[in-house]
Amino acid sequence: NLDLSNVIIDFKFSKYVEGLNAYTTLRSIYIKDCIITSDGAEAIAEAIKQLSAIERISISRCQMAQEDLKKMTSALKNISTLQVCYIQSMILESDLNPDVSGLCWNQYSRISTLTDTLKMNANLYWLSLDANNLGDFDMQLLGKVLGTNKGLKYLGLSGNSIGSAGARAIAEGLEINKKLEYLCLKNNNFGDAGTVYFAKALGTNDCLRHVRLIANDIGRVGAMALADMLMVNTRLEGLDLGLNRIGCVGAKFLSRSLRHNCQLEDLNLDFNGIRNIGAVSLA
């Protein structure tokens, strides 16, 4: 493993790149809590290209410019051995100062290079993009790729800024996708409207086994849509709806569908204001 934590990665890192050619057995790179300059990002990108056997890359809580992150993620698309990728909680200049280079999450995609990787790499089965403030525009790009991707089994998008439009884009990709098994969407903003899109997609998707929709402001309308989905879905094993506002009425909708669904093994409804009446219907 190559572990780069709590350091400043700048032009000095480039002198180590040539030496990495000797490490033919290097399988994992971990970069965490670092400050990465433009020169440092170029050096990391070059290192990634040289490591022909790399299987796992994790980049988290690093401070850098958005364009430099794109340099690094662009290098991933030609690494056919890559299987697991974590890019989480990044601190970009455009977050600290929205006027930097005129870049803003809501107007420009930060994951366009990663979607290229998904198009080209069929071995990548785990992708986590949690807590990156990704918006609906990014989800539109990702949704299109999901429809054709044949390798990804886990997708983590928790703690972003996904609204109903972004949820619709992901849901449309799920209607076509035949590989993804685990989808984690905790702490987003798509509410009932986005949940209806996901419920529609899950009504036809026969590969997803676990879906986590914790803390998404889902109410009775979303619960009703999910209940209708559970009437026809025969693949889903786990559905996590904790920290929403489903209430007693939503619980009643779900209880009716559970009488017909024999596949679901785990349904989490913690902190939903269900109270005794809703609990009785579920029992």
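Residues numbered from 1 in each chain as written. Predicted model: local features only at pLDDT ≥ 70, side-chain atom pairs only at ≥ 80, totals over all residues. Heavy atoms only, no water.

### Points about the packing of aromatic side chains
This model, assessed by the stated rule, comprises 4 aromatic pairs. With centroids separated by 3.9 Å and ring planes inclined at 10 degrees, the aromatic side chains of Trp-126 and Tyr-154 adopt a geometry described as stacked. Pair noted here: Trp-126 is in strand S9 (residues 126-128) and Tyr-154 is in strand S10 (residues 154-156), with a separation of 28 residues, a long-range link. Among the residues examined, Tyr-154 registers a relative accessible area of 11% and is labelled buried. (Phe/Tyr/Trp six-rings, centres within 6.5 Å; stacked < 30°, edge-to-face > 60°. Helix = DSSP H or I, 4+ residues; strand = E, 2+ residues; numbered from the N terminus. Buried < 20%, exposed > 50% of the residue type's maximum accessible area, 1.4 Å probe, protein only.)

### Quick notes on the nonpolar core
Ranked by internal contacts, the top residues of the largest apolar core, which has 77 residues, are Ile-31, Ile-36, Leu-155, Leu-157, Leu-174, Phe-198 and Leu-241. Among all residues touching Ile-31, those that are not within four sequence positions of it are Leu-4, Ile-9, Ile-36, Ile-44, Ser-58, Ile-59, Ser-60, Cys-62 and Met-72. (Core = buried A, V, L, I, M, F, W, Y, C linked by side-chain atoms within 4.5 Å. Contact = heavy atoms within 4.5 Å.)

### Quick word on the confidence of the model for the protein
Any region with low pLDDT has predicted coordinates that should not be read closely. Residue-level pLDDT values for the protein average 90, and 92% of them are 70 or greater. In the model, residues 100-107 has pLDDT below 50 throughout and makes 17 contacts with residues more than four positions away in sequence or in other chains. (pLDDT = per-residue confidence, 0-100.)

### Some details on the side chain of Asn-177
As for its position among the elements, Asn-177 is in the loop between helix H7 (164-176) and strand S11 (182-184). On the basis of relative accessibility, which here comes to 0%, the residue Asn-177 falls in the buried class. Among the polar contacts made by the side chain of Asn-177, one reaches the main-chain carbonyl oxygen of Leu-146 at a distance of 2.9 Å. Of the polar contacts made by the side chain of Asn-177, one reaches the backbone nitrogen of Leu-180; its length is 2.7 Å. (Polar contact = N/O pair within 3.5 Å; in protein donor to acceptor, adjacent residues only side chain to side chain.)

### Things to note about the pattern of salt bridges
Evaluation of the coordinates by the stated rule reveals 12 salt bridges. Among the salt bridges present, the one from Asp-217 reaches Arg-245, with a minimum N-O distance of 2.6 Å. With Asp-217 in the loop between strand S12 (210-212) and helix H9 (220-232) and Arg-245 in the loop between strand S13 (238-240) and helix H10 (247-258), the pair connects residues that are 28 residues apart, well separated along the chain. The exposure class assigned to Asp-217 is partly exposed, which follows from its relative accessible area of 45%. Of the residues examined, Arg-245 reaches a relative accessible area of 44% and is grouped as partly exposed. When salt bridges with common partners are traced through the structure, they connect Glu-42, Asp-68 and Lys-71 into a single cluster. (Salt bridge = Lys/Arg side-chain N within 4 Å of Asp/Glu carboxyl O.)

### Details of the pairing of strand S5 (residues 56-60)
Among the 5 residues in S5, 4 count as buried, and that is most of the element. Alignment of strand S3 (residues 28-32) against S5, held across 5 bridges, turns out to be parallel. Counterpart to Lys-32 in the pairing with S5 is Ser-60. With 5 bridges connecting them, S5 and strand S7 (residues 84-88) associate as parallel partners. Within S7, the residue paired with Ser-60 across the bridge is Gln-88. (Pairing = 2+ DSSP bridges.)

### Side note on the pairing of S7
Regular strands show a simple pattern: their side chains alternate between the two faces of the sheet. Of all the 5 residues making up S7, 4 are buried; the element is thus mostly covered by neighbouring parts of the structure. Relative to S9, S7 is paired through 3 bridges, and the arrangement is parallel. Pairing of Cys-85 across the sheet is with Leu-127, part of S9.

### Side note on the packing of helix H8 (residues 191-204) against H9
Orientation of H8 relative to H9, taken along the N-to-C sense of each, is 5 degrees, at an axis distance of 8 Å. Judged by the angle between their axes, H8 and H9 are roughly parallel. For the pair formed by H8 and H9, the contact residues are Asp-192, Thr-195, Val-196, Ala-199, Leu-202 and Gly-203 on the first element and Arg-220, Val-221, Gly-222, Ala-225, Leu-226, Met-229 and Val-232 on the second. Considered class by class, the residues forming the contact of H8 with H9 number 8 nonpolar, 3 polar and 2 charged. (Axes fitted to C-alpha atoms, helices over the stretch in contact; angles between N-to-C directions. Parallel < 35°, antiparallel > 145°, perpendicular 65-115°, else oblique. Nonpolar A, V, L, I, M, F, W, Y, C, P; charged D, E, K, R; others polar.)

### A look at the environment of Cys-62
Tracing the backbone shows Cys-62 in the loop between S5 and strand S6 (63-64). Residue classification places Cys-62 among the buried positions, given a relative accessible area of 0%. As for Cys-62 and Ile-91, which are separated by 29 residues in sequence, their C-alpha atoms are 5.8 Å apart.

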